[in-house]
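Each chain, letter by letter, is given below.
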Amino acid sequence: MDLINWSLNAIDTIFSTRSLGSGEPNCPAGTFAAGYVMDGWEKWRVVCLAALSLEDIEDIYLFGTLITGFLLMGLGGALWYRRLVKAVSAAQNPTKLAGWIETVVGRAVSTQTVVMDRKLENIVEKLAAMQRALDRPGDQ
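Residues numbered from 1 in each chain as written. Predicted model: local features only at pLDDT ≥ 70, side-chain atom pairs only at ≥ 80, totals over all residues. Heavy atoms only, no water.

## Let's talk about the environment of M38
To keep it simple, the criterion reads: Only DSSP runs of H or I with at least four residues qualify as helices, and only runs of E with at least two residues qualify as strands; both kinds are numbered from the N terminus onward. Exposure is judged per residue with a 1.4 Å probe applied to protein chains only, and the accessible area is read against the type maximum: over 50% gives exposed, under 20% gives buried, and values in between give partly exposed. Two residues form a contact once any of their heavy atoms are found within 4.5 Å.
Checked against the element boundaries, M38 lands in strand β1 (residues 31–38). Assessed through its relative accessible area of 41%, M38 is described here as partly exposed. Apart from the residues lying within four places of it in its own chain, the contact partners of M38 are K43 and W44.

## Description of the UniProt feature "transmembrane region" (unreviewed entry) in the chain
The cut-off we apply is this: UniProt positions are given in the numbering used here, feature names are shortened, and annotations may be inferred rather than shown by experiment.
As annotated in UniProt, the feature "transmembrane region" (unreviewed entry) corresponds to residues 60–81 in the numbering used here. For residues 60–81, the helix share is 100%, the strand share is 0%, and the end-to-end C-alpha distance is 31 Å.

## Brief notes about the pairing of β1
How we decide: Only strands that DSSP links by at least two bridges are regarded as paired with each other.
The pairing of β1 with strand β2 (residues 44–50) spans seven bridges and is antiparallel. Note on β2: the bridge partner recorded for Y36 is V46. What sits between β1 and β2 in their antiparallel hairpin is a turn of five residues, with E42 showing a positive phi close to 55 degrees.

What follows is the structure, encoded as structure tokens:
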């Protein structure tokens, strides 16, 4: 047990009371020396890094969300441009224009037709159920 206490105390002493020697550079408060880099004047400079706080991480997430938003807007713009180029090329060529209009209007009409058919089928089923209820002689 004494060996474990001695080891923990030694580790605590090494990491908690470490003082800078005369040759070690100072870093600003809240930062730690992470390494060295050679600058343009061929002098070694210390690299000081700070631990990320919760606010810093939130800023990174906000920045990532901002960049993602710009990329998605760019993708949407590219898709709209592609669609616009097709429309302009179809408008310049009258033979393509008729087919393009038929495709666009045909999709809208076919979608609307499917919806109207479903509604009509529901109404017909309800009317048939009401007619059966009226035709039963014992309910009156």
